[in-house]
Amino acid sequence: MKQTLSIVKVGSNLIEDDKGFVRILDLFSKMPGNKIMVHGGGKKATQIGNKLGIEAKMINGRRITDEKSLEIAIMVYGGLVSKQIVAQLQAFGTNAIGMSGADANAILAHKRPVTKVDFGYVGDVDKVNAYGIFKLLQAGFTPIFCALTHDGKGQLFNTNADTIAAELAIAMSDQFDTTLYYCFEKKGVLEDVEDENSVITHINSKTYEELLAYGIISNGMLPKMHNCFYALRNQVKKVCIGDIDMLEKGNPNFTTVTL
């Protein structure tokens, strides 16, 4: 019988909320079994970039990562945010270790090909070193991954944290029964975006198509749902979407996605 593994992706808005930030790390530390966290930090990177006179460039809601923006991402994701998370988890008794894709050669990627838009130093994942990550878990460490990958030739990339979480979950599913948690500021996938309590508690492939047809799922939720089903089609046991309360034992008010 496989051991369980929980992979929790924490959104930038939660990182910016001081009380929420501490609470999610407390709840994460109390989760049983093997666990991995993946975090972004885009909002903090934008704030610090602005202070340094480096303006964030976005196209259709996606960040363009030029050379200076990449330096900011490395400093903020791999430095400031990562070490704050690791230090707080140590205070909660979780032996965390901060990771980028370059550490232990954990996540290899390539530069996103230029089509209509050149996203700059943005990486698309090629391979996850599941064995290396397994050995860290086996040694009692809890990996905390930031949104950085590398190409194996010395180049770091800014990489979507939702995608990193999905790729990690897929890679680790040979060894573990893996559940992927997307933790953000909403209670889950909402039937009515104006009503915070209209959580759709279960979505499968059939209901997803219906929700798409009725326009209930659209815009910002589409990439997240794409990652959910991509993970599920590649051996991940289940995917959950919700706010901090989702990690609290006994709380049913979030969205579970299955095939």
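Above this text is the structure in question.
Residues numbered from 1 in each chain as written. Predicted model: local features only at pLDDT ≥ 70, side-chain atom pairs only at ≥ 80, totals over all residues. Heavy atoms only, no water.

Participant: Kindly report on the sheet that holds strand β2 (residues 34–39), identifying the contributing residues and their values.
Facilitator: With respect to topology, eight strands assemble into an open sheet ordered β5-β8-β2-β1-β11-β13-β14-β12, the strand pairing being mixed. Each edge of the open sheet is held by one strand with a lone partner, namely β5 (96–99) and β12 (202–203). Sheet analysis places strand β1 (residues 3–10) next to β2, joined by six bridges and oriented parallel. The partner of L5 across the bridge, within β2, is N34. In the packing of helix α6 (residues 161–172) onto the sheet, the strands contacted are β1, β2, β8 (142–145) and β11 (176–183), and the crossing angle to β11 comes to about 170 degrees. Sitting on the sheet, helix α8 (residues 221–232) touches β11, β12, β13 (238–242) and β14 (255–257), and the angle it makes with β13 is about 160 degrees. (Pairing = 2+ DSSP bridges. Helix = DSSP H or I, 4+ residues; strand = E, 2+ residues; numbered from the N terminus. Contact = heavy atoms within 4.5 Å. Axes fitted to C-alpha atoms, helices over the stretch in contact; angles between N-to-C directions.)

Participant: Describe unusual backbone geometry, listing the residues and the values that go with them.
Facilitator: Residue A104 is not a glycine yet carries a positive backbone phi of 60 degrees. Within the fold, A104 resides in the loop between β5 and β6 (107–111). One non-glycine residue, N105, lies in positive phi territory at about 55 degrees.

Participant: Lay out the environment of L247 in plain terms, naming residues and giving numbers.
Facilitator: Assignment of secondary structure puts L247 in the loop between β13 and β14. By relative accessible area, L247 is classed as buried at 10%. A C-alpha to C-alpha distance of 25 Å links L247 and S218, two positions 29 residues apart in sequence. In contact with L247, other than residues within four places in its own chain, are V8, I24, L27, F28, M31 and Y181. (Buried < 20%, exposed > 50% of the residue type's maximum accessible area, 1.4 Å probe, protein only.)

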